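Below, each chain spelled out in residue letters.
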Amino acid sequence: MSSRLGPKPRLGYTNSRIERAAELRIDGSAIAALAKHPGAGTYVVGGEWIVAKKGSPLGEPLFTLAEAQRLGPAVETIFLGLLGDAPRFGHGLSPQSAEALKNRGDLLVTDLRSIAVQGLVAADDLPPIAEAKAVLHWHARHRFCPNCGAATQLVCGGWRRDCPNCKAEHFPRTDPVVIMLAVDGERCLLGRSPRFVPTMWSCLAGYVEPGESIEDAVHRETQEEAGITCGRVVYFASQPWPFPTSLMIGCHAEALTHEIVVDREELEDARWFSKGEIETMLTRKHPQGLTTPPPVAIAHHIIRAWVEDEVRFE
Ligand SMILES: [Zn+2]
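Residues numbered from 1 in each chain as written. Predicted model: local features only at pLDDT ≥ 70, side-chain atom pairs only at ≥ 80, totals over all residues. Heavy atoms only, no water.

Visitor: So what's going on with the coordination of the zinc ion? Residues and values would help.
Guide: Around the zinc ion, the protein contributes the donor atoms Cys 145 (SG), Cys 148 (SG), Cys 163 (SG) and Cys 166 (SG), which lie 2.2 to 2.4 Å from the metal centre. Metal-centred angles of 99 to 115 degrees between the four donor atoms at the zinc ion mark the site as tetrahedral. (Donors = N, O, S within 2.8 Å, 3.2 Å for Na, K, Ca; no water. Tetrahedral: all angles 85-135°; square planar, octahedral: opposite > 155°, others 65-115°.)

Below, the structure is given as structure tokens:
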């Protein structure tokens, strides 16, 4: 079956080549020195907008620090880590100044989903862009201390904000989301969000709530959205999902019940799919043009693994 589906594609935003070099973050003078390194480069992000130099066939999202400065002053600058000995930074523009760069003929200014799905930059650039976008988004939303309300300050190369008033330290957060394929023998459960393109079906997903395990979240979300009770849960893989700061935790779940009750507030529809039908969706040969999400998303890999590999609940 693997030969029919072709080689396994790379999961987007994962396998970063950047070493985060967390030990350097606390040393402001070390980071200042790194910024002067001849190989230093920075990714330019303004809210949902990613800025790249137009190129053929791929755009170039890495700028020198001087080039980035000429695009506009940074609201925040963060240290992403090292590629070899070359430092990598994130240059955070305001969303308005990033959007204004759309008028420039030499620049590509677009959203990260389009960049990832259409492959507009090299795959190795996606993880550091995701890192920069997620952390810069957190800074934009944490300018004031949630404890006392005073203005906070970026420290540690962007990996902490400190409150000068109450001395609280705040760390960039990531939000866990379970994304699961409920399996009933030779059938699996997919749903459609009203936000999807009309032909796309995907795994169910939802945020893990405080005080909840991954397994509990899989059970609750599958029950809430589709009325299906699940038993055993098997972890598959995870993916950072910088929209804005999620961590997708991919699982397969054993369905114990069969009758679907769709939560119409959350989903447009949900139904069972056979392995044969899923295979036509993965290969874009479905007679009604139905598709799975693209390979950049973990849902594609969770679904494909069920078709291609044996998923065991033990
Ligand atoms: Zn405070």
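This is not the end of the story, as more comes after the structure.
Visitor: Explain the side chain of Thr 110 to me, and be specific about the residues and the numbers.
Guide: Inspection of the secondary structure assignment puts Thr 110 in strand β6 (residues 107–111). A distance of 3.4 Å separates the side chain of Thr 110 from the side chain of Asp 111, its partner in a polar contact. When sequence neighbours within four positions are dropped, the list of residues in contact with Thr 110 reads Glu 48, Trp 49, Ile 50, Ile 115 and Leu 120. (Helix = DSSP H or I, 4+ residues; strand = E, 2+ residues; numbered from the N terminus. Polar contact = N/O pair within 3.5 Å; in protein donor to acceptor, adjacent residues only side chain to side chain. Contact = heavy atoms within 4.5 Å.)

Visitor: Go over unusual backbone geometry, please, and point to the residues and values.
Guide: Of all residues except glycine, most have a negative phi; of all peptide bonds, most are trans. Ser 56 connects to Pro 57 through a cis peptide bond whose omega is 5 degrees. By the element assignment, Pro 57 lies in the loop between β2 (49–53) and β3 (62–63). The amide bond that connects Phe 243 to the next residue, Pro 244, takes the cis arrangement and shows omega of 0 degrees. With respect to the helices and strands, the residue Pro 244 is situated in the loop between β13 (230–241) and β14 (246–255). Residue Lys 167 is not a glycine yet carries a positive backbone phi of 70 degrees. Structurally, the position occupied by Lys 167 is in the loop between β8 (160–162) and β9 (169–170). For Arg 284, which is not glycine, the phi dihedral falls at a positive 60 degrees. Looking at where Arg 284 falls in the secondary structure, it is placed in the loop between α8 (275–282) and α9 (298–308).

Visitor: Quick one: what's the story with the nonpolar core, residue by residue and with numbers?
Guide: Residues Tyr 13, Leu 112, Leu 181, Leu 190, Phe 273 and Ile 278 are the most contacted members of the largest nonpolar core, which totals 46 residues. Looking at this core, the elements with two or more residues in it are β1 (41–46), β4 (76–83), α5 (112–118), α6 (126–141), β10 (175–184), β11 (187–192), α8 and α9. If we skip the residues at most four places from it in the chain, Leu 181 touches Cys 188, Leu 189, Leu 190, Cys 203, Cys 251, His 252, Ala 253, Ile 302, Ile 303 and Trp 306. If you look at the next biggest cluster of nonpolar residues, it comprises 19 residues, including Val 178, Met 180, Val 218 and Ala 255. (Core = buried A, V, L, I, M, F, W, Y, C linked by side-chain atoms within 4.5 Å. Buried < 20%, exposed > 50% of the residue type's maximum accessible area, 1.4 Å probe, protein only.)

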